[in-house]
Amino acid sequence: MGRIAAGVPIAAISEVMRHVAVPQSMLSHGEHYALEVRGDSMRDVGINDGDVVVIRETNTADNGDIVVALVDGQEATLKRFRRQAGMIALEAANPAYETRLLSEDRVRVQGRLVGLIRTY
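The shown structure was predicted, so the numbers you read here are calculated from the model rather than taken from an experiment.

### Some points on unusual backbone geometry
Working note: non-glycine residues mostly have negative phi, and peptide bonds are mostly trans.
Thought 1: With a phi angle near 55°, Asp72 is a residue other than glycine that sits in the positive phi range.
Thought 2: Mapped onto the fold, Asp72 is located in the loop between strand S5 (66-71) and strand S6 (75-84).
Thought 3: The exposure class of Asp72 is partly exposed, given its relative accessible area of 37%.
Thought 4: Despite not being glycine, Ala85 shows a phi value in the positive range, around 50°.
Thought 5: Position of Ala85 among the secondary structure elements: in the loop between S6 and strand S7 (87-91).
Thought 6: A residue is classified by how much of its surface remains accessible, and Ala85, at 84% relative accessible area, is exposed.

Basis of the calculations
Residues numbered from 1 in each chain as written. Predicted model: local features only at pLDDT ≥ 70, side-chain atom pairs only at ≥ 80, totals over all residues. Heavy atoms only, no water. Helix = DSSP H or I, 4+ residues; strand = E, 2+ residues; numbered from the N terminus. Buried < 20%, exposed > 50% of the residue type's maximum accessible area, 1.4 Å probe, protein only.

These values are about where atoms sit, not about what they do.
So this is what it looks like as structure tokens:
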């Protein structure tokens with residue numbers, strides 16, 4: 001498990017910080033990984049700071065998917081994905097954050113959200 005920003009994007013670092021048990025029901029075909037969420041930009045869809053998101057590795061996304069997006073090959077963020085007139089919109093689920101509208105060549109999908117783990 002690593003970390004992902006849900007707010008201001010953070011530098012993308014591929015580093016395993018710890019391992020986490022994921023229920024089999026969250027896993028489908030393909031590779032999966034877990035990321036600890038840092039920030040509150042996705043709070044209105046129930047993803048809170050400190051939650052663990054389960055991500056299925058893929059480089060494609062449909063409009064409305066919540067994805068791990070790599071921007072400019074450097075910063076990773078968790079956002080809702082939309083294509084708009086040849087651009088990619090990375091939308092937060094918190095009105096305090098603006099939608100980022102970027103050219104397609106600046107955004108690379110790293111995976112799609114398939115599950116959420118929360119501890120109290």
